[in-house]
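Each chain is listed here by its residues.
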Amino acid sequence: MERLIVVSNRVNPARDPAAGSAGGLAMALAAALREDQGLWFGWSGETRANFTGNLSIQQIGGVTVALVDLDEQDRLEYYNGYANRTLWPLFHYRPDLVAFERSYDEGYERVNLRFAQTLRPLIQDNDMIWVQDYHLLPLARELRRLGVRNRIGFFLHIPWPSRRLIATLPKHRELVAALLDYDLVGFQTLDSRDAFAEYLLHNASGDVSPDGEVRAFGKQSRIGAFPIGIDADDFAGAVASEQATLAFERTRASLLGRKMIIGVDRLDYSKGLEERFCAYEQLLMDYPDQLEKVFFLQIATPSRDEVDAYQDIRARLEGLSGRINGTYADIDWVPIRYVNRSYRRDFLAGTYRAAHVGLVTPLRDGMNLVAKEYVAAQDPADPGVLILSELAGAAEQMRDALIVNPFSREDVAEAMRKALVMPHEERVARWTALQEGVQRDDVKAWRDRFVSTLRASRTCQA
Ligand code: ADQ
């Protein structure tokens, strides 16, 4: 029997699907694997004094998972180091935040080898392997070295940057060459796929055919764009739940007739939160008719607390929200509420529905599932308006949102004002078009397209 093996850095299918988890990747994969008799392999999130390679196999939320512990040095060099201090900022166009440390490179190579060695005995002849995200770019190379001939696909959840940016990475050639040990490399957008193709053409004298066959470094593979979606059916259930209704009513009651703008993000510099706060301040400055009529709720879940850049942003956001409230608040009006916690998904669904405007303005984002969740949560008879950054992958699909440049506070402020006063007819027309796309291009469609393309790919080992 053909099995699907998914490999990712962290393995955390939600124990209670309604409770959700902060991270689009986990939600998307658990939904995809639950239906298959597949296996999900990855790091347990735990560290030990010494790496043992022992596996813990268990059932979590209807999914079979195989977990391996890493050691403390792995966590520092591979996870906090190369993945989150080198690749993440570089791939999100923040070379100023990139750490170039040889120990990080070594930790990254070591953990990819450890993953390959631990996974190897679990692989059967007919299995298809699907590797997720930037933590594991060279995993196929390691598996091939161990003799694995199975089909192996890779999906990158974050943007692939321009070739000039990739070239700032020491060993960029090895990294890109390792990707061609996969039979299929998937990106979120055409923009990312094309940036990768440009690298192969210009930096590696490679060939790229119009249907995505690529040749470079003496290898051949296939590339494609596979935009990820939300679990639309499951999310519709969350929207219809009692928790969502309670959250909706509680939020609307607290508004006292004001209009609400919502932002929901992991606390990350790529999400453009500071720029967003400044844009909201600009709205209050430029459009005094909105004073006391609008309220901005920003929910930002802390993430990657051990990385300095994440502590800095937290402090700066507290300062900015304090400044805005200090300048504009009145006895009975607080313009901005900034909340640092995680919410159940059904509660979040009701809160999205209560918001008249969804503000999604990352400076760079592979896709951005919040934009899709916001649309899916709306009342068809009285939908809110989505404002979306042109630099989110989602903007390639969601053209009926108000598309903005997240770096321009005036641009975003103007869009907020436009959204707040948008006529009912236009809101319904825009939302209807957006919702159709969210329903059609959901996580199941994403999984099916990727897996069937991988199945049809000629393995590069053939
Ligand atoms: P993320 O950077 O985590 O994912 P995103 O796609 O927006 O970004 O997903 C965030 C998820 O976390 C959403 O499902 C959201 O509901 C949830 N979430 C955020 N804050 C929360 C809170 N306070 N409480 C509860 N839930 C919260 C990466 C890439 C993205 C890509 C996804 C999937 O960076 O570009 O879309 O993977 O591929």
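Everything discussed here concerns the structure shown above.
As a starting point, this report considers the structure included with it. (Residues numbered from 1 in each chain as written. Predicted model: local features only at pLDDT ≥ 70, side-chain atom pairs only at ≥ 80, totals over all residues. Heavy atoms only, no water.)

**Quick look at the pattern of salt bridges**
Here is the rule: We count a salt bridge whenever a side-chain nitrogen from Lys or Arg sits within 4 Å of a carboxyl oxygen from Asp or Glu. For the exposure calls, accessible area comes from a 1.4 Å probe over protein chains only, and a residue counts as buried if that area is under 20% of its type's maximum, exposed if over 50%, partly exposed in between.
In total, this model carries 31 salt bridges according to the counting rule given. Linking R94 and D96 is a salt bridge whose minimum nitrogen-to-oxygen distance equals 2.9 Å. D96 sits in the exposed class, given a relative accessible area of 54%. Here R344 and D346 are joined by a salt bridge, their closest N and O atoms 3.0 Å apart. Under the relative-accessibility criterion, R344 is labelled partly exposed at 35%. Counted as one network, the salt bridges with shared partners bring together D71, D74, E77, R110 and R114.

**Brief notes about the sheet that holds strand β10 (residues 219–225)**
Hydrogen bonds between backbone groups are what pair the strands of a sheet, and the pairing can be parallel or antiparallel. For clarity, the threshold we go by: Pairing between two strands is assigned when DSSP locates at least 2 bridges connecting them. Numbering goes from the N terminus for both helices and strands, where a helix is a DSSP run of H or I of at least four residues and a strand is a run of E of at least two.
Pairing in this open sheet of 10 strands is mixed, and the strands run β3-β4-β2-β1-β5-β6-β7-β10-β9-β8 from one edge to the other. Bordering the open sheet on either side are β3 (55–60) and β8 (207–208), each of which pairs with just one other strand. Examined bridge by bridge, strand β6 (residues 152–155) and strand β7 (residues 184–187) share three bridges and lie parallel to one another. Across the sheet, G153 pairs through a bridge with L184, a residue of β7.

**Quick notes on the sheet that holds strand β16 (residues 402–404)**
The condition is simple: Axis geometry follows a simple rule: fit a line to the C-alpha atoms, using only the stretch in contact for helices, then measure angles between N-to-C directions, giving values from 0 to 180 degrees.
Reading across from one edge, β13-β12-β11-β14-β15-β16 is the order of the six strands in this open sheet, with parallel pairing throughout. For this open sheet the edge positions go to β13 (336–339) and β16, each flanked by a neighbour on one side alone. Mean inter-strand twist for the sheet, computed between neighbouring axes without regard to direction, equals 20°. Where strand β11 (residues 259–266) lies against strand β12 (residues 294–301), eight bridges are found, and the strand directions are parallel. Considered in β12, the bridge of G263 is made with Q298.

**Observations regarding the packing of helix α13 (residues 369–376) against helix α15 (residues 424–440)**
Stated precisely, the cut-off is as follows: Left-handed is the label given to a crossing in which the near helix is rotated counterclockwise from the far helix by less than a right angle, and right-handed is the label when the rotation is clockwise. Two residues qualify as a contact provided that any one of their heavy atoms is within 4.5 Å of a heavy atom in the partner residue. For this scheme, ten residues count as nonpolar: Ala, Val, Leu, Ile, Met, Phe, Trp, Tyr, Cys and Pro. Four count as charged, namely Asp, Glu, Lys and Arg, and the remainder, Gly too, count as polar.
Here α13 crosses α15 at 120°, and the two axes come no closer than 9 Å. The way α13 lies across α15 gives a crossing that is left-handed. Where α13 abuts α15, its residues K372, V375 and A376 lie against W431, L434, Q435 and V438. Classifying every residue of the contact of α13 with α15 by side-chain character gives five nonpolar, one polar and one charged.

**Quick notes on the packing of aromatic side chains**
Note the following rule: Side-chain rings of Phe, Tyr and Trp, where Trp is taken by its six-membered ring, are said to pair if the distance between their centres is within 6.5 Å; with planes under 30 degrees apart they count as stacked, over 60 as edge-to-face, and otherwise as tilted. As a reminder, the over-ring test applies to NZ of lysine and CZ of arginine, requiring each to be within 6 Å of the ring centre and within 35 degrees of the ring normal.
This structure, assessed with the given rule, holds 21 aromatic pairs. Aromatic pair W88 and Y134: ring centres 5.6 Å apart, planes at 50°, arrangement tilted. Placement of the pair is W88 in helix α2 (residues 72–91) and Y134 in the loop between β5 (128–132) and α4 (139–145), with a sequence separation of 46 residues. Y134 gets classed as buried once you look at its relative accessible area, which sits at 2%. Every member of this aromatic cluster is reached through a ring pair, and the members are W130, F155, F226, W446 and F450. Lying across the ring of W43, R10 places its NZ or CZ 5.7 Å from the centre. Between the NZ or CZ atom of R364 and the centre of the ring of Y93, over which it lies, the distance is 3.7 Å.

**Considering the site of the ligand**
What counts here: It suffices for a single heavy atom of a residue to lie within 4 Å of a molecule or strand for the residue to be listed as near it. N or O atoms within 3.5 Å of each other form a polar contact, as long as, within protein, one can give a hydrogen and the other can take it, and as long as residues adjacent in sequence are counted only when both atoms are side-chain atoms. All accessible-area figures derive from a Shrake-Rupley calculation using a 1.4 Å probe, and residue coverage is judged against the displayed protein chains alone. In this document the domain limits rely on a domain assignment from an automatic tool or a database.
Among the 25 residues in the neighbourhood of the ligand, the closest are listed as H157, T301, D365, L369 and E373. In this structure, S342 approaches the ligand through a side-chain N or O atom, which is 3.5 Å from a nitrogen atom. In this structure, Y343 approaches the ligand through a main-chain N or O atom, which is 2.8 Å from a nitrogen atom. Computed on the free molecule, the ligand has an accessible area of 720 Å², of which 96% lies beneath the protein chains in the complex. When residues of the shell around the ligand are traced back to their parent elements, those giving at least two are β11, β12, α12 (345–354) and α13. The two domains that each donate at least three residues to the shell around the ligand are domain 1 (4–229 + 443–455) and domain 2 (232–440).

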